[in-house]
Amino acid sequence: MKSLFLTIAASVFVNLLILAQNPPEGYIRFDSSGMARMVMNLDESQFKGSAKEIADSYISANKHWICGSENGNYIYEKTIINPAGNHVSYIQKINNVIVEGSELVISINKRNAISHVYNGYKNGININTTPSISSEQAIIVAKSTFSNPNIVFSKPPQADLII
C-alpha cells in the first residue's frame, strides 16, 4: 500500500512539475494519478490555421501534459461545427485498436482561440491486441445471447476490437 501511495504521489509531483514549466491558462482539473483531464476557460489564440491545424499545433506544444511521460498516440477522428465554434476530437489507438473512453476534444471558439480541452488519454496500457476469436465468431457468440435465434437486425451486425 505504501508503494502504491508513493507511486501516485510521484506521478502527481512529476505532472505538477511539468505543468509548472509550461502551464496552460485557465482552470485545470486533475485525476487521482495527477494527469490533467480538463482545462477550461482558456483563451489560447497563438495557433493559426483551420480548426484541425490549431488543435494539432496545441497538441504538439502541450504533449507533456496531455500524454504525461508517454509518447501519446492520438489519431484525428472528426471536427464538429456548431454555433459556439469547433470541437476537434481525437481518439487514442494502440496497435490500431481504439482505446474506449480515451477521447481528446479541443474546443475552439468563433475567434479561433482554444477555449476548452478535455483529455481522456489512458496511460500505462500494455496489452496484447491480437484477438482470440475472429470478428465473425464474435458475432455468432453475441447472437447466441438473444432469446430469439431468428432475430432480424436493421443492418448487418459488426464486431470491432476495442480496448
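The coordinates are above.
Residues numbered from 1 in each chain as written. Predicted model: local features only at pLDDT ≥ 70, side-chain atom pairs only at ≥ 80, totals over all residues. Heavy atoms only, no water.

Asks: Describe the pattern of salt bridges, and please don't skip the residues or the numbers.
Replies: Where charged atoms from two side chains of opposite charge approach closely, those side chains can pair. Enumeration over the complete set of coordinates arrives at two salt bridges. R37 is the partner of D31 in a salt bridge, and the nearest nitrogen-oxygen pair spans 2.8 Å. A residue is classified by how much of its surface remains accessible, and D31, at 25% relative accessible area, is partly exposed. Residue classification places R37 among the buried residues on the basis of a relative accessible area of 15%. (Salt bridge = Lys/Arg side-chain N within 4 Å of Asp/Glu carboxyl O. Buried < 20%, exposed > 50% of the residue type's maximum accessible area, 1.4 Å probe, protein only.)

Asks: Tell me what's going on with the side chain of N109, and back it up with residues and numbers.
Replies: Structurally, the position occupied by N109 is in strand β6 (residues 104-109). Looking at N109, the relative accessible area reads 15%, which means it is buried. Of note is the side chain of N109, whose polar atom sits 2.9 Å from the backbone nitrogen of R111. In this structure, N109 is in contact with D43, A84, G85 and S115, ignoring residues within four places of it in sequence. (Helix = DSSP H or I, 4+ residues; strand = E, 2+ residues; numbered from the N terminus. Polar contact = N/O pair within 3.5 Å; in protein donor to acceptor, adjacent residues only side chain to side chain. Contact = heavy atoms within 4.5 Å.)

Asks: Outline unusual backbone geometry, supporting the account with residue identities and numerical values.
Replies: Among all residues save glycine, negative phi is the norm, and among peptide bonds the norm is trans. Phi at N41 is positive, roughly 60°, even though this residue is not glycine. Looking at the secondary structure, you find N41 in the loop between β2 (36-40) and α2 (51-66). A relative accessible area of 56% places N41 in the exposed class. The phi dihedral of N96 is positive, around 65°, even though this residue is not glycine. Mapped onto the elements of the fold, N96 is located in the loop between β4 (85-94) and β5 (97-98).

Take it as geometry only, folks, not as evidence of what the structure does.
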